[in-house]
Amino acid sequence: MFDVIIVGGGAAGFYAAIQIAELSPELKIAIFERGKTVLSKVKVSGGGRCNVTHGEFLPKELATNYPRGEKELLGPFHKYAPMDVMAFFEEKGVPLKIEEDGRIFPKSDSSQSIIDCLVGEANRLGIQVLKNSSVKTIGKIEEGWQVTTMNKHYQAKKIMLATGSNPKIWKQLENLGHHIIPPVPSLFTFNINDARIKGIQGLSTYATVEVMPKKTFNTDKKALNLKSRHKDEAVLYADGPLLITHWGLSGPAILKLSAWGANILHDYNYTFKIKVNWLPEYSTESMEAFLKELKGVEAKKTVMRTNVTELPKRLWMRLVEAANIEPNERWADIKKEQLQGLAEQLTASSFKVEGKSTFKEEFVTAGGVDLKEINFKTFESKLHPNLYFAGEIINIDAITGGFNFQNAWTGAYIAAQAITS
């Protein structure tokens, strides 16, 4: 018999258990983890450095990084935000640093610092951690809740589920009457097989990317405008650094699209066309006008060797080639169609996406417990008293940069406050 059972030995589970134990040391608390090790996602996050949170300290701005959950998290972020998380870890002896892009890491650059801190605190506070304890059933009993593993029954007055994207636990919640939004992948990169980007992996440049509608796909979903101007013809639109990889395109611009467009791109079966503007300050028309001027000024020079843009040289050469311009052709000899073709390659390159790849080890899903069924003042189920949630088990997910962890820390903290009140 426990006072509180937490199912899930990840970031949210440990954080909640520690907060509960600090607020109410007399409570008997257990964490159930189905695997042999705890905090496995913390271990691999941020390339093994653990991207703890993000240095966005305004709740309203912070919430805009969540394709699902923006409205619901606004109140919670006023109660518990990145500054509070930083204070927690630094008080526990884990100094943190904010990098130029806003991501926050331990100064050690090792996720082990975070793991050691959480495990050490759990041990110090007498929290029982039961590994290899996969939960088979969760049921209501008169005194609270019963959790059954392979061969044991456990009881608790209160229960918190922090199991991430776990279909078996979602099934248990459906049996209890909760509605589960079907999960689809989020945070993935685009697989593209195209001569223009083959063999130049590692190049990165700022660009805008549009996902074009499928003619065969009937959708009335509006274009998602990611902090930039509206694009009527696009289903999705994002800007940011674009990275050329072995398998296609990645980088913040693509990851934003994959997060905000998780459901649309799933409906497209991950086969669609994108349009890339490699020089976002230009439209196709203004680029054509600029190239005409250039033709007069640089008449004797070859086009291939006169990269007058800020594009990486190898990418410029590929786009010139794609516009049917020969390596030794001079600006003076360029025909109108070639000029138009180059303007289009630079500002409206069309690529066919055929599939996706998981972004590093940081697999994230959109989907989970319906947000309408959760009280975000307490992270408690609206259907069942003394049942709480935190982390990715609910239908909240974020773009990359430490935001998914912040959702876990905030939910865990607020649930712990409610559990001990």
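Draft legend 1. Examining the packing of helix α4 (residues 70–79) against helix α13 (residues 403–420) more closely. One way to put it is that α4 packs onto α13 with a least axis distance of 10 Å and a crossing angle of 70°. Accordingly, the angle class assigned to the pair α4 and α13 is roughly perpendicular. Every residue of α13 that contacts α4 at Leu73, Pro76, Phe77 and Lys79 is listed here: Gln406, Asn407, Thr410 and Ile414. Looking at the contact of α4 with α13 residue by residue, the classes come out as 4 nonpolar, 3 polar and 1 charged.

Draft legend 2. Spatial organisation of the packing of helix α1 (residues 11–23) against α13. The contact between α1 and α13 brings their axes to 8 Å, and the two run at 35°. In this structure, α1 crosses over α13, and the sense of that crossing is right-handed. Here α1 contributes Ala11, Ala12, Tyr15, Ala16, Gln19, Ile20 and Leu23 to the contact with α13, which in turn contributes Phe405, Ala408, Trp409, Ala412, Tyr413, Ala416, Gln417, Ile419 and Thr420. Grouping the amino acids of the contact of α1 with α13 by side-chain chemistry returns 13 nonpolar, 3 polar and no charged.

Draft legend 3. Quick peek at the packing of aromatic side chains. If you walk through the whole model with that rule in mind, you get 19 aromatic pairs. Between Tyr15 and Phe88, the ring centres sit 4.6 Å apart and the planes meet at 65°, which makes this aromatic pair edge-to-face. Of this pair, Tyr15 sits in helix α1 while Phe88 sits in helix α5 (residues 82–91), placing them 73 residues apart in sequence. When sorted by exposure, Tyr15 lands in the same class as Phe88, which is buried. Note on Phe88 and Phe89: the rings are 5.0 Å apart at their centroids and 90° apart in plane angle, and the pair reads as edge-to-face. Overall, the relative accessible area of 6% leaves Phe88 in the buried class. Every member of this aromatic cluster is reached through a ring pair, and the members are Tyr15, Tyr80, Phe88, Phe89, Phe405, Trp409 and Tyr413. Its guanidinium or amino end placed over the ring of Phe2, Lys28 lies 5.0 Å from that ring's centre, counting from NZ or CZ. A cation over a ring is seen here: Arg196 above Phe351, with NZ or CZ 4.0 Å from the ring centre.

Conventions used here
Residues numbered from 1 in each chain as written. Predicted model: local features only at pLDDT ≥ 70, side-chain atom pairs only at ≥ 80, totals over all residues. Heavy atoms only, no water. Axes fitted to C-alpha atoms, helices over the stretch in contact; angles between N-to-C directions. Helix = DSSP H or I, 4+ residues; strand = E, 2+ residues; numbered from the N terminus. Parallel < 35°, antiparallel > 145°, perpendicular 65-115°, else oblique. Contact = heavy atoms within 4.5 Å. Nonpolar A, V, L, I, M, F, W, Y, C, P; charged D, E, K, R; others polar. Left-handed = near helix turned anticlockwise from the far one by under 90°. Phe/Tyr/Trp six-rings, centres within 6.5 Å; stacked < 30°, edge-to-face > 60°. Buried < 20%, exposed > 50% of the residue type's maximum accessible area, 1.4 Å probe, protein only. Lys NZ or Arg CZ within 6 Å of the ring centre and 35° of its normal.

Functional significance is not addressed by these values, which are geometric in nature.
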